[in-house]
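This is what each chain is made of:
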Amino acid sequence: MTDLYPAADQRELLRRAASAHTAAARDVEAFLRRLPEVPDPADITEYATLLSREEQTRAERQDAADAAGLQLPSLESE
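The rules we used
Residues numbered from 1 in each chain as written. Predicted model: local features only at pLDDT ≥ 70, side-chain atom pairs only at ≥ 80, totals over all residues. Heavy atoms only, no water. Patch = residues over 30% accessible without salt bridge, like charges linked within 9 Å, V, L, I, M, F, W, Y side chains within 5 Å. Areas by Shrake-Rupley, 256 points an atom, 1.4 Å probe, with all protein chains shown as cover. Salt bridge = Lys/Arg side-chain N within 4 Å of Asp/Glu carboxyl O. Helix = DSSP H or I, 4+ residues; strand = E, 2+ residues; numbered from the N terminus. Buried < 20%, exposed > 50% of the residue type's maximum accessible area, 1.4 Å probe, protein only. Core = buried A, V, L, I, M, F, W, Y, C linked by side-chain atoms within 4.5 Å.

Draft legend 1. Examining a nonpolar patch on the surface more closely. Together, Leu32, Leu35, Tyr47 and Leu51 line one region of the surface with nonpolar side chains, adding up to about 300 Å² of accessible area. Mapped onto the fold, Tyr47 is located in helix α2 (residues 41–67).

Structure, rendered in C-alpha cells:
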C-alpha cells in the first residue's frame, strides 16, 4: 500500500528547502530596497548573483517537494 504522507525526513528536507528559498527571496528584496537610483556595474553583478541564488533555491525547493510527493500537474497550456 502506498503511504498517503511522505516520510518525516522528506518533509523536513522540504521545509529546509522552503526556508532557504524564502531567505534568498528576502535577500533580493533587501537589495532592491537599497538599490540606488542609478545602479553601477557592481549593483548589476550583485543583483545577478542574488537572482541566481534565488532561482537555485527555488529549484531545490521544487525537487524536495517532488521527492515528498507533492508533484503538481503542469499549469502551462499545451
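Once you've had a look at it, read on.
Draft legend 2. Quick look at the pattern of salt bridges. In this structure the tally under the stated criterion is six salt bridges. With a shortest N-O distance of 2.4 Å, Arg53 and Asp27 are connected by a salt bridge. Residue Arg53 is found in helix α2, and its partner Asp27 is found in helix α1 (residues 8–34); the two are separated by 26 residues along the sequence. Taking the shortest distance from any N to any O, the salt bridge between Glu55 and Arg58 comes out at 3.1 Å. With Glu55 and Arg58 both in helix α2 and three residues apart, this pair spans about one turn of that helix. Overall, the relative accessible area of 29% leaves Arg58 in the partly exposed class. Through salt bridges with shared partners, a single network forms among Glu12, Arg15 and Arg16.

Draft legend 3. Geometry of the environment of Arg11. Among the secondary structure elements, Arg11 is positioned in helix α1. Taking relative accessible area as the criterion, Arg11 reaches 35% and is therefore assigned partly exposed.

Draft legend 4. Main features of the nonpolar core. By size, the foremost hydrophobic cluster in this structure holds five residues: Leu14, Ala17, Ala64, Ala65 and Ala68. When residues of this core are traced back to their parent elements, those giving at least two are α1 and α2.

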